[in-house]
Amino acid sequence: MADAPTLSITLLGAGQEVGRSCCVLQYRDITIVLDTGVHPAHTGMASLPFIDELDWSTVDAILITHFHLDHAAALTYITEKTNFRDGKGKVYMTHPTKALHKFMMQDFVRMGNSSADALVSPYDLSMSISSIIPVSVHQLITPCPGVTFTPYHAGHVLGACMYLIDIVGLKILYTGDYSREEDRHLVKAEVPPVRPDVLIVESTYGVQSLEGREEKELRFTSLVHSIIRRGGHVLLPTFALGRAQELLLILDEYWKKHPDLHSVPIYYASSLARKCMAVYQTYIHTMNSNIRSRFAKRDNPFVFKHISNVPQARGWERKIAEGPPCVVLASPGFMQTGPSRELFELWAPDSRNGLIVTGYSVEGTLARDIMNEPEEVMGLKGNTIPRKISVDYISFSAHVDYSQNSEFIDMIKAPHIVLVHGEQTAMGRLRAALQAKYKNRDEDVKIHTPRNLETLNLTFRGERVAKVIGGLAAKPPKTNDVLSGLLVSKDYSYTLLDPRDLRDFAGLSTCVVTQRQKIVLGVGWDLVRWHLEGMYGRVEEGMDKSGVPTMRVMGAVDVKLTDEHELTLEWDSSAANDMIADSTLAVITEIDKSPASVKITTAANGHKHGDEHHPHSDHDYTHNPMMRIQRLGMFLEAHFGEVEYHMPEEEMEEEQEEPTARGEPSFLIQLDDAEARINLLSMTVDSSSETLRRRVEAVLEMAVSTVSSLSESFVSGAPEEHPDEGKGQAKEPMSPVDESEEDAVAQSAGEGSVAKEDGEPSAGSG
């Protein structure tokens, strides 16, 4: 069973931008949302994804890759402020992500409620958190029928994962933010063992190449040490979670190796510091082998010896700024507000101080603007501040660069690649580089870069597989064998079985709906047969088991003379049989209006019209088989001119032998210099001219369908013979009549086999 459904991918955020990641997948009436973040350069409603473009009650599942605000902070608004709760959607994230997401959002809500742009309340957050379903990496989850997904390690931050999603057989891999480089505490991103149909991958750094971990750690520690030596303060704007822990591990180890720095304090300035470090110590089993082995030796790497939290008293920023040299990790990383912004404004006028930007900075934020090293910056109060502090950029953002991203894409081998989470220029360069690479390799890989709200439609032609079970599976089929059975569909999976096995395998049973229609008869029985023969070519005439005169139309509908002026139509309901019954009813009800009926019933001759057969019936073919050949010849002559008929001479004693190929009856058609021969037994065409052969085959097909009656050209599922039926009462055995059944109305579109649960009454339309 082949079909060509369409996958729709719509970005409500992170389309040719970095921020408010939100990707919507729609396939076969299933909707999956991947990430729900906010834009760090905006506030309030402007920071949200374009949530009004989706009916959230139709969402089946929301999958969050990691706890960063640009991937998860809009979740509470969506679950509590939209119609998401009106549907059956569920929210999933890994266990560490749920724990850290709670703390991140508590801080986010606290900061938002202090301004006029508050999006959600603490109560909204508690309700949202309670509805999140935590999952483990490599766990196979089924959120709804037809959909499964599996999380895989993505590196980047604690708990981050990429999702391999299977929607009715279509596989999509969504990476979120990922890193292919193992750092001091996290494993690198995994390569799933299954080749997906679509890869949705980040493009944050475009075609940039980043320096290796050892080189950047050496440059980072050397830079921090040099700023301390010149008597300055070191500001490291970072987010409370994620890269901050990596930097703390690096600094703590460096301080251990340099006793001269033991008197220089390192402050971790975040209101989430204590809470989040407890989470990191809890989920050590999800980190790399270095951390796990240290922990096994009772050496908890997250119990730092040279790191301390800042004093809780108000105004600590100014006290530290006016104190001796120190290193401060302060949030947020983009320096829009908070401790990192306040410290920067205090330290910016002093050239001894140093600012080291350690992560990716979104366009429109101070962290991005400061890398251009302006002479002045605007303070939060609107004042102008001279910038003399040194500015350096060393990326610890745990995103892939071009070489890592390109290598990962090659290993995935997806035919469709969708780039997200990248600024327009960087994404365009990455797309061009990938297209050039695949063109040189002569590989057909499609690269897509949709903008926000631009729906990308991808069509996939796939095969739906039906599993054969029960009696049908007892004998393995051979090539070109036809299997006939009942196709059962459940949750987008298909099973083919014998109807007799339905109760055992599906808990269902089958029944046959027999329908009847009574008609007042105003004409003779023989006239009814005459008209039915004219429409269908041939009808079977005889008696049923009760001795009622019966005509069977096309092996499906019985027309019974149940009273002197009454006909009853009876048939087993199916789509085809219902259609035949409708047409039979139409023929019978129009008999008394037909001019042919008047002509036959008023004929002057004295013979009975019951002996007459309709000129369009198959009677002539039965008594004179050559008439069919003559009509075929007439049809062919109308198209090709003179047609020669060849009948081989047969000896009486060889009458039972099969004719040879050369001596079979045939038509010979000559056209210009070419000729074609039609074998009248096999109805095949043989000609040395391919053009003439195809033309004759097409005309022959029309000729055969023209001279054949409906009963010859149509095969219907005739009612089965009853094993104890009497013989000799009709030309062919008729279906038995169950006198206890109720009459049913004829016009119906019911199915031939109606499945019903055990104990439920069967229902048929009639």
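The written sequence of each chain sets the order in which its residues are numbered from 1. Local features are withheld for residues below a pLDDT of 70 in this predicted model, meaning they are given only at 70 or higher, and side-chain atom pairs are given and counted only at 80 or more; totals for whole chains, interfaces and linings count all residues. Working from all heavy atoms in the structure, the side-chain values ignore hydrogens and water.

Visitor: Sorry, what's going on with the sheet that holds strand β3 (residues 22-27) here?
Guide: The strands that make up a sheet are held in pairs by hydrogen bonds between backbone atoms, and each pair lies either parallel or antiparallel. Taken together, the seven strands give an open sheet; going across it, the order is β7-β6-β5-β4-β3-β2-β23, and neighbouring strands pair in mixed fashion. Each of the sheet's edge strands pairs with one partner strand only, and the pair in question is β7 (132-135) and β23 (456-459). Averaged over all pairs of adjacent strands, the angle between their axes in this sheet comes to 25°, without regard to strand direction. For two strands to be treated as a pair, DSSP must find no fewer than two bridges joining them. Secondary structure elements follow DSSP: runs of H or I no shorter than four residues count as helices, runs of E no shorter than two count as strands, and numbering proceeds from the N terminus. In the sheet, strand β2 (residues 6-13) pairs with β3 via five bridges, with the strands oriented antiparallel. Considered in β3, the bridge of Thr10 is made with Val24. Packed on one face of the sheet, helix α3 (residues 95-113) meets β6 (90-94) and β7 and runs near 100° to β6. Orientation is described by lines fitted to C-alpha atoms, with helices fitted over the stretch in contact, and by angles between N-to-C directions that extend from 0 to 180 degrees. We call two residues in contact whenever any of their non-hydrogen atoms come within 4.5 Å of each other.

Visitor: Looking at this structure, I do not really get the sheet that holds strand β11 (residues 170-174). What am I missing?
Guide: Ordered in space as β8-β9-β10-β11-β12-β21-β22, the seven strands form an open sheet in which the pairing is mixed. Unpaired on one side and paired on the other, β8 (141-144) and β22 (446-448) mark the two borders of the sheet. Between one strand and the next, the sheet's axes are offset by a mean angle of 20°, whatever the strand orientation. Packed onto the sheet, helix α12 (residues 402-412) meets β10 (161-167), β11, β12 (198-202) and β21 (416-420) and runs at close to 170° relative to β12. Strands β21 and β22 of the sheet are contacted by helix α13 (residues 424-440), whose axis makes an angle of about 160° with β21.

Visitor: Before we go on, may I ask you to explain the nonpolar core in this structure?
Guide: What we call a nonpolar core is a set of buried Ala, Val, Leu, Ile, Met, Phe, Trp, Tyr and Cys residues that are connected through their side-chain atoms within 4.5 Å. In this scheme, a residue with accessible area under 20% of its type's maximum is buried, one over 50% is exposed, and one in between is partly exposed, where area comes from a 1.4 Å probe on protein chains only. If you look at the biggest cluster of nonpolar residues, it comprises 68 residues, and the most contacted ones within it are Phe220, Val327 and Leu329. Examining the composition of this core, we find that eight residues originate from one element, helix α6 (residues 243-257), more than from any other. Filtering out sequence-adjacent residues up to four positions away, Leu329 remains in contact with Leu236, Thr238, Ala244, Leu247, Leu248, Leu251, Ile266, Tyr267, Tyr268 and Ala269. Ranked by size, the runner-up nonpolar core spans 31 residues in total, among them Phe149, Ile165, Val420 and Leu458.

Visitor: Explain the packing of aromatic side chains to me, please; I cannot follow it from the model alone.
Guide: The geometry of an aromatic ring pair is captured by the separation of the ring centres together with the interplanar angle, meaning the angle of the planes. Note on aromatic pairs: the rings of Phe, Tyr and Trp (six-membered ring only in Trp) are paired at centre separations within 6.5 Å, and the planes decide the class, stacked below 30 degrees, edge-to-face beyond 60, tilted for the rest. What the rule picks out here adds up to seven aromatic pairs. Consider the rings of Tyr92 and Phe149, whose centres lie 5.1 Å apart with planes at 70°: the pair is edge-to-face. Taken together, the residues span a long stretch of sequence, with Tyr92 in strand β6 and Phe149 in strand β9 (residues 147-153) at a distance of 57 residues. With respect to burial, Tyr92 and Phe149 carry one shared label: buried. With centroids separated by 6.2 Å and ring planes inclined at 55°, the aromatic side chains of Tyr254 and Trp255 adopt a geometry described as tilted. Among the residues examined, Tyr254 registers a relative accessible area of 15% and is labelled buried. Following the ring pairs from residue to residue traces out a cluster consisting of Tyr92, Phe149 and Tyr163.

Visitor: Explanation requested: the pairing of β6 in the structure shown.
Guide: Within a regular strand, side chains alternate between the sheet's two faces. Most of β6 is tucked away, with four of its five residues classed as buried. As paired elements, strand β5 (residues 61-63) and β6 share three bridges and run parallel to each other. Residue pairing across strands places Ala61 opposite Lys90, the latter belonging to β6. Across four bridges, β6 lies against β7 in parallel orientation. Bridging across to β7, Met93 finds its partner in Pro134.

Visitor: Just to check I follow, could you spell out helix α15 (residues 525-536) for this structure?
Guide: By this rule, a helix spans an expected 1.5 Å times one less than how many residues it contains. Taking 1.5 Å per residue, 12 residues should reach 16 Å; α15 reaches 16 Å between its end C-alpha atoms and fits that length. Counting buried residues in α15 gives nine out of 12 residues, a clear majority hidden from the surface. Where α15 is concerned, the buried positions are Trp525, Leu527, Val528, Arg529, Trp530, His531, Leu532, Glu533 and Tyr536. Trailing α15 by a residue or two, Gly537 shows a phi angle of about 90°, which is positive.

Visitor: Is there a simple way to think about α6 in this case?
Guide: Given a rise of 1.5 Å per residue, 15 residues ought to cover 21 Å, and the 22 Å separating the end C-alpha atoms of α6 matches this to within 8%. Most of α6 is tucked away, with 12 of its 15 residues classed as buried.

Visitor: Would you mind going over the side chain of Thr584 with me for this structure?
Guide: Along the polypeptide, Thr584 turns up in helix α16 (residues 575-589). What makes Thr584 buried here is its relative accessible area of 0%. Excluding residues that lie within four positions of it along the chain, Thr584 makes contacts with Leu532, Tyr536, Val553, Val559 and Leu569.

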